[in-house]
Amino acid sequence: MSQNHILKTVLQAQQVRKSFGARGNVQQVLKGIDLRVVEGEFVGIMGPSGSGKSTLINVLATIDTPTEGRIFVEETEISRMNRAELSAFRRQKLGFIFQDYNLLDTLTVKENILLPVSLGRMKKTAVEAEYQEIAAQLGIGEIAHKYPHEISGGQRQRTSAARALIHRPSIVFADEPTGALDSKAASTLLGMIESINLQRSTTVMMVTHDPVASSYCSRVVFLKDGILYSELYRGNKTRQTFFKEILNVQAVLGGDHVDTV
């Protein structure tokens, strides 16, 4: 793998600001965020309640628009797109994993996963091969014909993850993906996402309040009062060591934390 490939920029935010409210009562939530994410990174976004982390991921993921600043995904400036352009770009280039799964109850697991490619131009054989690979990686191949109400929360979230990954997006955004899961289901999901991130060089950006979840990331960015406060890189550290470093920063920031990993 070439050095240029390793350092390929997938997402770039330049002086991103976001304000809410009207004249005389404006709340500035993001206060000039600069952030670069390269291909294959698994980036966690953390910070105390009100720090702006959910607003940041919504703006980066095209769910909301910045008040000021520029956002690029690969070489495309998404912050200047109109609604129709954004919709098409979202379908083709972005993947989403939400806390509440967002699965369609009337579709099977397999049908839910295939939704992002159902309107595309991929050949059926290619779609099936992609499905088989991602379903196997996430351990849900045996529940392909079940409906969401027939499977566990962990299986539903892994189905949601497969749907986000099926079209090999440039970047996957995950917003508190383990928030509705018990600790066992959460660790299973995170371990699988970490594995896929490494095997496929899939770029992932995840908002979480949980230092255990963040310990699976390759980098953790901390927000405080709408600005980037600090960041940690995992490098060759064990997950336990990285977890303790995350806890130390959280203690300074005053965020919630747990005591085991």
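Details of the structure are given in the entry above.
Numbers given for residues are sequential positions, taken from 1 along each chain in its written order. The predicted origin of the model limits local features to residues at a pLDDT of at least 70 and limits the giving and counting of side-chain atom pairs to 80 or more, whereas totals for whole chains, interfaces and linings rest on all residues. Side-chain metrics in this entry use all non-hydrogen atoms of the structure; hydrogen atoms and water are not considered.

(A) Examining the overall build of the protein chain more closely. The helix and strand labels rest on DSSP assignments: H or I over at least four residues marks a helix, E over at least two residues marks a strand, and numbering proceeds from the N terminus. For the protein chain, the helix and strand inventory stands at nine helices and 10 strands. Atoms counted for the radius of gyration: C-alpha only. Globule rule: 2.2 Å times the number of residues to the power 0.38. Relative to a compact globule of 261 residues, whose C-alpha radius of gyration would be 18 Å, the protein chain shows 18 Å and is just as compact. In terms of overall dimensions, the protein chain has a C-alpha envelope of 50 × 45 × 45 Å along the principal axes. Under the scheme applied here, a residue whose accessible area is under 20% of the maximum for its type counts as buried, over 50% as exposed, and between as partly exposed, the area being computed with a 1.4 Å probe on protein chains only. In the protein chain, which comprises 261 residues, the share counted as buried stands at 49%. The contact rule is simple, with two residues in contact once any of their heavy atoms fall within 4.5 Å. Put simply, 69% of the contacts in the protein chain that link residues at least 6 apart link residues at least 24 apart.

(B) Representation of the pattern of salt bridges. By salt bridge we mean one thing: a side-chain nitrogen of Lys or Arg within 4 Å of a carboxyl oxygen of Asp or Glu. Summed over all chains, the structure comprises 15 salt bridges. Between E68 and R17 there is a salt bridge whose closest N-O contact spans 4.0 Å. In this pair, E68 sits in strand 4 (residues 68–73) while R17 sits in strand 1 (residues 9–20), placing the two residues 51 residues apart along the sequence. Judged by its relative accessible area of 46%, E68 falls in the partly exposed class. Judged by relative accessible area, which is 25%, R17 ranks as partly exposed. Its salt-bridge partner being E245, residue K237 comes within 2.9 Å of it at the nearest N-O pair. Shared partners join several salt bridges into a network, and the residues in it are E130, E133, R168 and R200.

(C) Up close: the nonpolar core. Only buried Ala, Val, Leu, Ile, Met, Phe, Trp, Tyr and Cys residues count toward a nonpolar core, and they belong to the same one when joined by side-chain atoms within 4.5 Å. Judged by nonpolar contacts, the single largest core of 44 residues is most densely connected at L138 and F222. Broken down by element, this core gets its largest block of residues, six residues, from helix 7 (residues 183–200). Excluding residues that lie within four positions of it along the chain, F222 makes contacts with M46, I227, L228, Y229, S230, E231, L232, I246, V249, Q250 and L253. Membership of the second largest hydrophobic core comes to 29 residues, among which are L30, I33, I57 and I71.

(D) The packing of helix 5 (residues 124–137) against helix 7, seen in detail. Only the contacting stretch of a helix is used when fitting its axis, a line to C-alpha atoms as for every element, and angles between N-to-C directions run 0 to 180 degrees. Two numbers describe how helix 5 lies on helix 7: the axes approach to 10 Å, and their chain directions differ by 135°. By the angle between their directions, the pair helix 5 and helix 7 is classed as oblique. The segment helix 5 lies against helix 7, with E130, E133, I134 and Q137 engaging M192, I196, Q199 and R200. Think of it as three bins: nonpolar holds Ala, Val, Leu, Ile, Met, Phe, Trp, Tyr, Cys and Pro, charged holds Asp, Glu, Lys and Arg, and polar takes everything else, Gly as well. Of the residues that constitute the contact of helix 5 with helix 7, the class distribution is three nonpolar, two polar and three charged. Angle categories: roughly parallel below 35 degrees, roughly antiparallel above 145, roughly perpendicular from 65 to 115, and oblique for all the rest.

(E) Seen up close, the packing of helix 6 (residues 153–165) against helix 7. It is the contact of helix 6 with helix 7, at a shortest axis distance of 9 Å, that shows an interaxial angle of 20°. Between helix 6 and helix 7, the crossing angle belongs to the class labelled roughly parallel. The two elements helix 6 and helix 7 cross, and the hand of that crossing is right-handed. Residues G154, Q157, R158, A161 and L165 of helix 6 touch helix 7, and the partners they reach there are A185, T188, L189, M192, I196 and R200. Grouping the amino acids of the contact of helix 6 with helix 7 by side-chain chemistry returns six nonpolar, three polar and two charged. Crossing handedness follows the turn of the near helix against the far one: under a right angle anticlockwise gives a left-handed crossing, and clockwise gives a right-handed one.

(F) How the structure looks around the environment of H145. Locating H145 in the fold gives a position in the loop between helix 5 and helix 6. The spatial distance from the C-alpha of H145 to the C-alpha of E111 is 8.3 Å, given a sequence separation of 34 residues.

(G) Fine view of the packing of aromatic side chains. Two rings belonging to Phe, Tyr or Trp (six-membered ring only in the last case) form a pair when the distance between their centres is within 6.5 Å. Interplanar angles under 30 degrees mark stacking, angles over 60 mark edge-to-face geometry, and anything in between is tilted. Following the criterion strictly, the structure yields two aromatic pairs and no others. Here F96 and F98 contribute two aromatic rings whose centre-to-centre distance is 5.9 Å and whose plane-to-plane angle is 5°, an arrangement assigned as stacked. When the ring of F96 is compared with that of F173, the centres are 6.2 Å apart and the planes differ by 25°; the resulting orientation is stacked. Taken together, the positions of F96 in strand 6 (residues 94–98) and F173 in strand 7 (residues 171–175) put the pair 77 residues apart, joining distant regions of the chain. Each member of the pair, F96 together with F173, is buried. One aromatic cluster is present, built from ring pairs that chain together F96, F98 and F173. Ring-over charges, as used throughout, are those where CZ of Arg or NZ of Lys falls within 6 Å of the ring centre and within 35 degrees of the ring normal. For R239, the ring lying beneath its charged end belongs to Y216, and the centroid distance is 4.1 Å.

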